[in-house]
Amino acid sequence: MIAHPGLRFADHTVTVPLDHRDPGGETIEVFAREVVAADKSGEGLPWLVFLQGGPGGKSPRPLRAEGWLARAVRSHRVLLLDQRGTGRSTPLTAGSVGDRSAKELADYLRLFRADSIVADAEVLRARLAAGERWDTLGQSYGGFVTMTYLSQAPSALRTCYVTGGLPGLTATADDVYARTYPRVAAKNAAFYRQFPGDVAAVRRIADHLTAEDVRLPDGDRLTAERFRSIGNVFGMSYGYAQVHWLLDEAWHGDRLSATFLHEVLALTGFVDKPLFALQEYCYGGAGGSPTGWAAARALAQRPEFAADADPLLFTGEMMYPWMFEQIAALRPFAGAADLLAEAGDWPPLYDSGRLAANEVPVVAAVYADDMYVDMGLSLETAAAVGNVRTWITNEYEHDGLRTGGEAVLGRLMDMAAGLT
């Protein structure tokens, strides 16, 4: 076990079936890091599995006991799971997919949804916890995974904590984006109120990118639509400031600066997160219809997001077909992405009957101003699932678990214990 200030770490890797319905077929590796307080390493603490957001996000790499982890290790042995395809689990990147055809790759990607993540977690539970029940903490997409876990294996769970991640159980991709675009427009309005001079700055950059062939450090052309996608950070506590200071350093004379281009690449490159760009498949199965590039179809119905609108609006957590043409890390997935958008035979991720009868305590922070996860859908789910308690707050943005850290998780744990 490796020592860090105040913590002890142990790494665990398990081999699991790529398709859990075919245990004798292809396998992948799933990695998780165990974290325990140094002064409690010999105690038989209950497990808390951290389910990261995304999809496609790896677990945190902590250096010390701080934030939510500081609260967690006071009472738990924490397992930081790299969900399949992320981090040190068998990677899913442009360089790892080999020469699979579009159909083969689409079939492969279908096995990276929440149902497979839950099945992986169950392998780890059998291996590390000797089959004992454990707790989960689901951030954002991790809350979606939590609802699938409660649908598939509720007997595995003691208590579930969710931050900004109660999904709409029956919401289609069209339902989700019909609600998302107005929230993103509102975030744009708030950004421009805070930084009114950026209205002209954004238009100047977009017009320049339309007129000139500007290349990012990896050789990709930077288009106006790709530039506008940096609005994805507007739902975070730091989002407005990050974009403003990026615009502040955008120009060196009449050319866009190297600093600007490097930062835009980092924000829009998807180098290790193709699953994040494929996220519409999270909603596959709801309503029984293909997702059909729902975000792109909804954009066409939103004149306030038009390329010639004034002010020019940034887009948010929406993924579009052009991304798989313009972004190097996503181009190998283009054909598969189209096939996934056309698929109508997705298995359901949530069991409404089992969730309605749920007896596992679920405590959830619902952020009133969340740009990514709709509060209305979250509260509908809280009402439809048994034994759910919510804390509705506008104190935090979507990254409240990071910024509020110990206080946010502490409040949810107190709610679960009946202390608040």
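Remember, predicted model here, so these are calculated numbers, not experimental data. (Residues numbered from 1 in each chain as written. Predicted model: local features only at pLDDT ≥ 70, side-chain atom pairs only at ≥ 80, totals over all residues. Heavy atoms only, no water.)

**Examining the overall build of the protein chain**
In step 1: Helix and strand counts for the protein chain stand at 17 helices and eleven strands.
In step 2: Taking 22 Å as the expected radius of gyration for a compact globule of 420 residues, we find that the protein chain reaches 21 Å, a close match to that expectation.
In step 3: Taken along its principal axes, the extent of the C-alpha atoms in the protein chain is 65 × 45 × 45 Å.
In step 4: Counting every position in the protein chain, which comprises 420 residues, the buried fraction comes to 56%.
In step 5: Considering only contacts in the protein chain between residues 6 or more positions apart, those separated by 24 or more positions represent 77%.
In step 6: Here the protein chain displays about 16,900 Å² of accessible surface, and carbon together with sulfur accounts for 50% of that area. (Helix = DSSP H or I, 4+ residues; strand = E, 2+ residues; numbered from the N terminus. Rg over C-alpha atoms; globule rule 2.2 N^0.38 Å. Buried < 20%, exposed > 50% of the residue type's maximum accessible area, 1.4 Å probe, protein only. Contact = heavy atoms within 4.5 Å. Areas by Shrake-Rupley, 256 points an atom, 1.4 Å probe, with all protein chains shown as cover.)

**Regarding the packing of helix α2 (residues 102-109) against helix α13 (residues 334-342)**
In step 1: α13 packs onto α2 with a crossing angle of 60° between their chain directions and a minimal axis gap of 8 Å. One way to sum up the angle between α2 and α13 is to call them oblique. Pair α2 / α13 crosses with right-handed handedness. Contact with α2, carried on its side by Ala102, Lys103, Leu105, Ala106 and Leu109, involves Gly335, Ala336, Leu339 and Leu340 of α13 and no other residues of that element.
In step 2: When the residues that make up the contact of α2 with α13 are grouped by side-chain class, the tally is seven nonpolar, one polar and one charged. (Axes fitted to C-alpha atoms, helices over the stretch in contact; angles between N-to-C directions. Parallel < 35°, antiparallel > 145°, perpendicular 65-115°, else oblique. Left-handed = near helix turned anticlockwise from the far one by under 90°. Nonpolar A, V, L, I, M, F, W, Y, C, P; charged D, E, K, R; others polar.)

**A few points about the pairing of strand β7 (residues 157-163)**
In step 1: Within β7, six of the seven residues are buried, leaving the element largely enclosed by the surrounding structure.
In step 2: One ladder, built from five bridges, connects strand β6 (residues 134-139) with β7; its direction is parallel. Opposite leucine 137, over in β7, you have tyrosine 161 as the bridge partner.
In step 3: Once the chain exits β6 it traverses helix α4 (residues 141-152) before rejoining the sheet at β7, and the crossover so formed is right-handed.
In step 4: When β7 meets strand β10 (residues 362-367), the two strands line up parallel, connected through four bridges. Following the sheet pairing, tyrosine 161 is matched in β10 by valine 363. (Pairing = 2+ DSSP bridges. Right-handed = clockwise from strand over helix to strand, strands pointing away.)

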